[in-house]
Amino acid sequence: MYQSSKLFKLIKIVIDFSYIVFLFILALSFITAIILLLSPADTFIIQEDYPYKIANNQGESPYISSTIETKYLNGSFTKINRNPKSAMLIKTFFYSIPTALFLVVGFYLLRKIIDDLFIISKRFKTRQVKYLKIISVMVAFYFLFVDLIVQQVYSIWLGHTLIYIRTMHFSGLLYAGLVYLLAEVFNYGVYLQESYDTTL
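Residues numbered from 1 in each chain as written. Predicted model: local features only at pLDDT ≥ 70, side-chain atom pairs only at ≥ 80, totals over all residues. Heavy atoms only, no water.

Here the structure, examined in full by the defined rule, presents five salt bridges. In this structure, Asp116 engages Arg127 in a salt bridge whose closest nitrogen and oxygen atoms are separated by 2.9 Å. Of the two residues, Asp116 is situated in helix H3 (residues 84-120) and Arg127 in helix H4 (residues 126-157); the sequence distance between them amounts to eleven residues. By relative accessible area, which is 2% here, Asp116 ends up buried. (Salt bridge = Lys/Arg side-chain N within 4 Å of Asp/Glu carboxyl O. Helix = DSSP H or I, 4+ residues; strand = E, 2+ residues; numbered from the N terminus. Buried < 20%, exposed > 50% of the residue type's maximum accessible area, 1.4 Å probe, protein only.)

Once that is clear, we can look at the layout of surface pockets. Computed from the structure, the second largest pocket encloses a volume of approximately 260 Å³. Around the second largest pocket, the lining comprises 14 residues; the ones closest to its centre are Phe102, Leu103, Ile135, Val139 and Val179. Contributing elements (two or more residues each) for the lining of the second largest pocket: H3, H4 and helix H5 (171-199). Of the residues forming the lining of the second largest pocket, the biggest block, six residues, is contributed by H4. Split by residue class, the lining of the second largest pocket holds 13 nonpolar, one polar and no charged. (1 Å grid on protein atoms, 1.4 Å probe; cavity = no way out; pocket = protein on both sides within 12 Å on 5 of 7 lines; lining within 4 Å. Points joined across faces, edges and corners; volume = space filled by probe spheres on them. Nonpolar A, V, L, I, M, F, W, Y, C, P; charged D, E, K, R; others polar.)

Here we come to the environment of Thr126. For Thr126, the position within the fold is in helix H4. In this structure Thr126 comes out as exposed when scored by relative accessible area, which is 53%.

So, on to the packing of aromatic side chains. Counted by the stated rule, this structure contains seven aromatic pairs. Geometrically, the ring pair formed by Phe141 and Phe145 is tilted, given 5.3 Å between the ring centres and 45 degrees between the ring planes. With a gap of four residues between them, Phe141 and Phe145 both fall in helix H4, about one helical turn apart. You can call Phe141 partly exposed: its relative accessible area is 44%. On the basis of relative accessible area, Phe145 is assigned to the partly exposed category, the value being 32%. Joined through ring pairs, the aromatic side chains of Phe102, Tyr142, Phe143 and Tyr175 make up one cluster. (Phe/Tyr/Trp six-rings, centres within 6.5 Å; stacked < 30°, edge-to-face > 60°.)

Right, here's the structure in full:
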């Protein structure tokens with residue numbers, strides 16, 4: 001019992017700490033977006049090629065740098081050379097912020113599950129199953145579509161219209177399936193508890 005209590009405390013500390021870290025990263029992403037919007041376009045330069053590293057190392061704006069993988073650009077580099085600020089804005093609004101938001105929501109739901117399971121009710125509940133299924137859908141959506149959306153936005157910006165399926169990470173379906181399987185285990189736990197309660 002003592003060992004399980006120590007394990008629970010460790011899990012809770014890790015999840016709570018991760019949640020705070022990702023909340024900070026999300027706030028930082030929004031601050032970065034605001035700085036990018038307010039910074040003059042002519043302060044941004046390309047520091048490195050392949051992958052592109054862009055920074056605003058001129059002027060009085062706070063220093064920001066970002067790396068943009070060439071897989072998003074499909075061989076079209078002229079426009080990014082002319083307007084690196086827009087390239088950074090696309091990555092910030094369509095990749096950095098959504099990724100941080102995904103992690104914040106995911107760890108928020110994990111915190112609720114852990115607190116509910118070990119502190120509040122100390123039982124399996126249908127709301128825990130619901131939270132796990134939400135996380136499962138989020139994982140599937142993130143791996144399948146976030147990179148795809150970023151690639152498509154860059155493609156439209158660069159004058160292309162094709163959808164590049166290679167940026168869809170189908171391995172994410174495995175992770176989502178594992179989380180969904182865990183949700184079903186919780187669901188079975190709810191069923192067993194309800195069956196036990198009705199026999200009393």
